[in-house]
Structure formats: C-alpha cells, structure tokens
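Structural description and commentary
One-letter residues, chain by chain:
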Amino acid sequence: MSTTDTIAAIATPHAAGGISVIRISGSDAVALAQACFRSVSGKTLSAMPGYTCTYGSFLDTDGTPLDDGIATVFRAPHSYTGEDTVEFSCHGGIYVTRRILQAVLHTGASAAQPGEFTKRAFLSGKMTLTQAEAVMDVIGAAGNRELRFARAQQEGALYRRVRQITDQLVHCLGDLAAWADYPEDEIPAVTPEGLQQSLTAILQPLEQTLATYDYGRILRAGVSAVIVGKPNVGKSTLFNLLSGSQRSIVTEIAGTTRDVVEEQIRLGDVTLRLSDTAGLRETEDIIEQIGVRRAGERLRDADLILAVFDATRPLDDDDRRMLEQLPEKPVIAILNKSDQPALLEPAALQAQFSRVISMAAKDGNGLEELRQAVEELFYREQVTPEMGVVSNERQKQCLEHARAQILQAQEALEAGEMLDAVTVLLEEAADALLTLTGERVSEAVVNDVFARFCVGK
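Residues numbered from 1 in each chain as written. Predicted model: local features only at pLDDT ≥ 70, side-chain atom pairs only at ≥ 80, totals over all residues. Heavy atoms only, no water.

Across its full length, the chain carries 16 helices and 13 strands. Across the 457 residues that make up the chain, the buried fraction comes to 48%. Partitioning the contacts of the chain with sequence separation of at least 6, the portion at a separation of at least 24 is 67%. Carbon together with sulfur atoms contributes 50% to the accessible area of the chain, which is approximately 21700 Å² in total. (Helix = DSSP H or I, 4+ residues; strand = E, 2+ residues; numbered from the N terminus. Buried < 20%, exposed > 50% of the residue type's maximum accessible area, 1.4 Å probe, protein only. Contact = heavy atoms within 4.5 Å. Areas by Shrake-Rupley, 256 points an atom, 1.4 Å probe, with all protein chains shown as cover.)

In structure tokens, the structure reads:
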C-alpha cells in the first residue's frame, strides 16, 4: 500500500465561507507548497519547524498573487497523516480556493482520493482502522450523544474491546501450538473440555459486542422511521410538524401523497430518517397503487413505525388492513385529531400497541409525548460511549465470521476431531478480529473503507 506521492485537496466544504483550507501531505509537501507561496517576512516554509505558521501570498502558476492567507507547517511524524504536511488557509471563495489548489497540483502534487489523508494516517500507524472509521462518525454526528460515542470510538473504545477478545483467542492458539510443537516438554496438555470452556468464555464478550450493532448503526445513521396509516388521517400533517416545514402536501382530499417523502429530523436526542408514505388502502388508481406498494417496502425496512389513526372515526376495514400489514417492529400508535370529538379511544388500540399517543398534529399538541416515546425506544442510558459499539456493517461481518469459526471449532471438539482442525478454525477467527481492527487487513479492504470518506479528509 504505497503512499509515495504528495497529495493535495480542499479540506473544507466546497461552498463560500469565511476561510477555506487546502491540505498538502507527503514527502515533498513543504517544497511543493513553497513553490506557490511567498511569505511577507521572506521566511521559506522549508526553514520552518512543525506547528508554526506564516502569513503571505498564494501564487498562481505564473507567480502572480491569487490571494493572501496563512501557511501552516506540520513535520513528520507529528502531523495528522504522519507525513510532512502544509495547510493553506485562504479566503473562502469557491473560485479562489480552486485556483490555489490548481496551482499546488501544477507544482507536482497529485489530487487526493476520498479519505486518502486518513488512510495515510492509518498506514503510518497514527490510528487503528476502527479509529479511522470513527473520523466520519465525528463529522456526521447529529447531536451530543452521537458525538460522544464517535469520539470514544476515535479514542479506541471498540479497538480495546475487540483486542481483549483477540488476546483471549490468541492465548488459546498459543497453548495449542506449544502443546503440539513441544510434546516432550512439561507443558500442560490441551484437553477438549478445557478448550471448550475457554471458547465459551470468548464467545460471551464477542456476542455482547455483536449485540451493540443495531444501537451503533442507529447512532451513526439515525432511526429509519416511517409514517403509515390509511388516507387522510393526518400523516402528512404529522410529517410537516416533525420536519418543521411544509414538505408534504396537505389537503382534505384522500390519497394526496402518492410517493415517499423523506426528511432527516431531530426529535429530542434521537435522529430520525423520516418517511411520509401513501395511505394504505385498496385503490384502483395505478399511480396510488405504486405509492401503496412503496409504503409497504418502507414498512419492511423501518426501525420504527408511526401508525397514525383518525381519532374522530372508529376503526374501519382500511385501518384493519393496515394493522395486518405491520411487521414485528417497534410501533408507536398515534391517535391524531385529538382536539376534535373522539370516536376512537386509546383503549381500542392498547391491546395491540404498548405505546399509544393522542395528538393534534395540526396544532403540535402531543409532540412532547411522542418525543418521550421515541427516546424510550432508542435512547439507552446503560450503553455508554466507553463500552465501544459496533457501528458499521464491515465491523459486524468481521465479528460474525469470528463467531461462526469459534462455533465450528466447538462442534469439531464435540465430534472428536483432531486439534489441528480446531486450530485452523480458531486461526481464521483470529484473522477476522485482526481484520476488524486493521492489524491484519488486505489492501482491498482498506481501499473500500476509505472510499466512503469525503475528499480532503
């Protein structure tokens, strides 16, 4: 995995702002940066120690000034990437920022690929793979809780948790190797019974770690929530209330919403990826049928279902059909239009739903009760950032593979197979855990991880 090129990219959002930052990293970073920067003091960047900066002008390819600003020098290995790094801080115009980057690239730097700066930090040993993945979690954190978990991940919480499991597994492999290679020495024999006990002790924390995946995924991506109900019960009104804008069309005409409308919103301490769907009912309208089918697809994929009912009407066949379609997932039943005379009481739904809320979405009444219900489902105080949680599919797959190999090893022991076969299975389990942390990982896996990053990070 070569990092010989000096790379450059804009490290701030590609939008107008107060300042922009262009990051340059690699063995020739200082020399290439010097070619397109002139300090007002006359000091060259090559003469500057790390963690120092100087004011001057950024130069175009013909030597004419493009802008003025700050050049900051970081020296290897004490930089983000572990390489010599220079950062240009210029005025935040889109055009001038791109012109300065073009000048840097003209001097011989290569355009950085997505995540390449963090990839170099990983390859130079500045962070583990799980810590590197947490960088994007920090960037994408939508609230204080998400930030706390992302920071703990970046500081090595999951790495330490997985490392303890790996150490236990490696200890078992060491006992197996020593007993097999030096039978004449006074080394305690490895018995199937003793090994079974050791593997059971390893599986317990591994299973506990795997069990954090759903919570970690929700922290990282938010709760996928879908609003469902028959037409004209107030689904779109609820969606607009939660999103804080008139995203969905609201009329007295049933079946107005034909497609799925989406918005990411914050409800208390929980981020919801909220979808408003077409009303679930039997219909002859071809377009509405497509919307109803898509609503059903969202139901199957959702983490949370907000099932809306009209409190001014008793349950009818459309309500009952909708109830039959609800999958076995967390559901909050919402009795909307509670500001009007009620013909449908909460007691009629409490036998089927553990959480029933009365709301008047048009006026915002009941929003606090909905927030509390959502937090009860998805805010788990017993899960702390320091525990380390599994936050993405790659990490989950590594743990699942390790668990599968250990379970096969236990089955092999019960079947009376040779310990050599058990050793092979346990070695593969250890490889899966080392792949998770990045201590033994292929170039393809590394490239795939960092391809998900933004350019400049």
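Moving on from the coordinates now.
Turning to the sheet that holds strand 11 (residues 304-310), a few remarks are in order. What holds strands together in a sheet is hydrogen bonding between their backbones, with the strands either parallel or antiparallel. Read from one edge to the other, the open sheet built from six strands follows the order 9-10-8-11-12-13, with strand pairing classed as mixed. Of all strands in the sheet, those bounded by a partner on one side alone are strand 9 (261-267) and strand 13 (356-358). Averaged over all pairs of adjacent strands, the angle between strand axes in this sheet comes to 25°, irrespective of strand direction. For strand 9 and strand 10 (residues 270-276), the ladder comprises seven bridges, and the chain directions are antiparallel. Bridging from a neighbouring strand, valine 261 pairs with aspartate 276 of strand 10. (Pairing = 2+ DSSP bridges. Axes fitted to C-alpha atoms, helices over the stretch in contact; angles between N-to-C directions.)

Under the criterion given, the structure shown has 26 salt bridges. Close ionic contact of arginine 220 with aspartate 137 constitutes a salt bridge, the shortest N to O distance being 2.6 Å. Within this pair, whereas arginine 220 is found in helix 8 (residues 213-221), its partner aspartate 137 is found in helix 4 (residues 129-140), the two being separated by 83 residues in sequence. The salt bridge involving aspartate 448 is made with arginine 452; its shortest N-O contact spans 2.6 Å. For aspartate 448, a relative accessible area of 41% gives the class partly exposed. When salt bridges with common partners are traced through the structure, they connect Glu83, Glu116 and Arg120 into a single cluster. (Salt bridge = Lys/Arg side-chain N within 4 Å of Asp/Glu carboxyl O.)

This paragraph deals with the packing of aromatic side chains. Counting across every chain of the model gives eight aromatic pairs. Look at phenylalanine 58 and phenylalanine 88: their rings are 4.8 Å apart centre to centre, the planes differ by 50°, and that puts the pair in the tilted class. In this pair, phenylalanine 58 sits in strand 4 (residues 52-59) while phenylalanine 88 sits in strand 6 (residues 85-92), placing the two residues 30 residues apart along the sequence. Grouping residues by exposure puts phenylalanine 58 and phenylalanine 88 together as buried. (Phe/Tyr/Trp six-rings, centres within 6.5 Å; stacked < 30°, edge-to-face > 60°.)

This part takes up unusual backbone geometry. Following alanine 76, the chain continues to proline 77 via a peptide bond in cis, the omega torsion being 0°. Mapped onto the secondary structure, proline 77 falls in the loop between strand 5 (65-74) and strand 6. The phi dihedral of asparagine 232 falls on the positive side, at around 70°, and the residue is not glycine. Tracing the chain through its elements places asparagine 232 in the loop between strand 8 (223-228) and helix 9 (235-243). Its identity is not glycine, yet lysine 337 carries a phi of approximately 65°, on the positive side. Mapped onto the secondary structure, lysine 337 falls in the loop between strand 12 (331-336) and helix 12 (347-350). By relative accessible area, which is 21% here, lysine 337 ends up partly exposed.

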